[in-house]
2 protein chains.
Amino acid sequence: MNEQKGILTVISGFSGAGKGTVLKRLLTKYDNYALSISATTRAPREGEENGREYFFKTREEFEKMIAKDELIEYAMYVNNYYGTPKAYVQEQLSQGKDVILEIEVQGALKIKERFPDALLIFITPPSAGELKRRLTDRGTEAPEVVEERMRTAARESGFMEAYDYIILNERDRLEECVDKVHGVISAEHARSTRSQAFIEHMKEDLKGE
Amino acid sequence: MNEQKGILTVISGFSGAGKGTVLKRLLTKYDNYALSISATTRAPREGEENGREYFFKTREEFEKMIAKDELIEYAMYVNNYYGTPKAYVQEQLSQGKDVILEIEVQGALKIKERFPDALLIFITPPSAGELKRRLTDRGTEAPEVVEERMRTAARESGFMEAYDYIILNERDRLEECVDKVHGVISAEHARSTRSQAFIEHMKEDLKGE
């Protein structure tokens, strides 16, 4: 219970839900988290650093990682591989860090299947109208892109039940959302299913008295 | 999600774990809780008030409550009935209050069976030695009473897995324990299984956009 392993936490949410901002704040506000860093075969962009934004790999290196089962999950987008290296995640977990994985719905469900102990959190605005407003207010997306994002959100909403927790990210209430995410992960550490070692110890200890 | 019903929370723990102190502090520190008041046929003690410590009932009244299914659970100890009146609990829950029920292990399991939505929290000292120390330090119990309590604790420890959360109450760390109990109940409100209404609303809302 006290020397518990960290919790593998998967965070998803609609594009425009504000996940990125929430996670950035979570990681600066609390020190028990480590953000999982993905590996990718896409070329680094201006300002990106190997081991910070991504682990940049050649296609050959990446396929070797797949073959050696060194990835928790991977997928291909626009002819590039993206994946989550297992070693880094396991190292952080065993040091007691709660590892945060920001990942889309399909990937999240794959992770839950493979790691039933993973904690799945879904971040959402309080309404579809608010989501649309945020996507529109960015001012960077063409109307048809906003429409496409809204359709994707409608599709993704069908998977919300598969998540353990649903957390609202309301307008101008970032800290509240960040603290809720933190609260949910903290509480999860006290779950009896995660405290088997302590329960066994306590049973033995009481027998001995 | 926002106008959610309260959560029926059952709290158990070994005699000497400090449950009473934790609950008293929880109820003064946070205002979203209501403590369930038991009904009993035992006579009021000096200073006890009807509707505060207990609802005092005659045996006839109590058996009428049983017959009318007006109790969440009941049991008999030393020839007196003790039980949890349903009406008060449901009224508080529908007002959004999280209702706390302090109850022993057998009763807690009965409640979980009948109300699968109930949240079960087990409060425990960090070790058997610490439990014994607390029971002994009270200075009010004869050694054989302490021994009997320790045997009861050993028996009860077999049911810890049935609880949803295990929360440690460490020496001189009352506030930490109180805040953990509060954190666990707060987090539970964001459970997707408790947010079905919001999820359905969000799905419909996104379809409409």
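Keep in mind that what you see is a predicted model, and the values were worked out from it rather than measured.

**Student:** So what exactly am I meant to see when it comes to the UniProt feature "binding site: ATP" (unreviewed entry) in chain A here?
**Tutor:** Residue and element names in this part refer to chain A. When the UniProt feature table is mapped onto this chain, "binding site: ATP" (unreviewed entry) is found at Gly13, Phe14, Ser15, Gly16, Ala17, Gly18, Lys19 and Gly20. Residue placement: Gly13 occurs in strand β1 (residues 8-13). Residues contacting Gly13, with those up to four places away along its chain left out, are Lys19, Phe122, Ile123 and Glu156. Here Gly18 shows up in the loop between β1 and α1 (19-29).

**Student:** In this structure, what is going on with the interface of chain B and chain A? I would like to understand it.
**Tutor:** Listed per partner, the contact involves 43 residues of chain B and 43 residues of chain A. Carbon and sulfur atoms make up 63% of the area that chain B and chain A hide from each other, which totals about 3,300 Å². Interface area lost by chain B to chain A is led by Arg191(B), Leu206(B) and Glu209(B), which between them contribute 18%. One can count 4 salt bridges joining chain B with chain A. For Glu161(B), the salt bridge identified is with Lys203(A), shortest N-O distance 3.2 Å. At the surface where chain B touches chain A, the tally comes to 14 residue pairs in polar contact (both at pLDDT 80 or more). Secondary structure elements with two or more residues in the side of chain B that touches chain A: α5 (128-137), α6 (143-156), β9 (165-168), α7 (174-188) and α8 (196-208) of chain B.

**Student:** Just to check I follow, could you spell out the nonpolar core for this structure?
**Tutor:** Nonpolar side chains in soluble globular proteins generally cluster together in the buried interior. In this structure, Phe14(A), Ile121(A), Val181(A), Phe14(B), Ile121(B) and Val181(B) are the most contacted members of the largest nonpolar core, which totals 100 residues. Among residues more than four places away in sequence, those in contact with Phe14(B) are Met202(A), Leu206(A), Lys19(B), Phe122(B), Ile123(B), Thr124(B), Pro125(B), Leu131(B), Ala153(B), Glu156(B), Ser157(B) and Met160(B).

Calculation rules
- Residues numbered from 1 in each chain as written.
- Chains lettered and ligands numbered in written order.
- Predicted model: local features only at pLDDT ≥ 70, side-chain atom pairs only at ≥ 80, totals over all residues.
- Heavy atoms only, no water.
- UniProt positions renumbered as here; feature names shortened; annotations may be inferred.
- Helix = DSSP H or I, 4+ residues; strand = E, 2+ residues; numbered from the N terminus.
- Contact = heavy atoms within 4.5 Å.
- Buried area = accessible area lost by both parts, 1.4 Å probe.
- Salt bridge = Lys/Arg side-chain N within 4 Å of Asp/Glu carboxyl O.
- Polar contact = N/O pair within 3.5 Å; in protein donor to acceptor, adjacent residues only side chain to side chain.
- Core = buried A, V, L, I, M, F, W, Y, C linked by side-chain atoms within 4.5 Å.
- Buried < 20%, exposed > 50% of the residue type's maximum accessible area, 1.4 Å probe, protein only.

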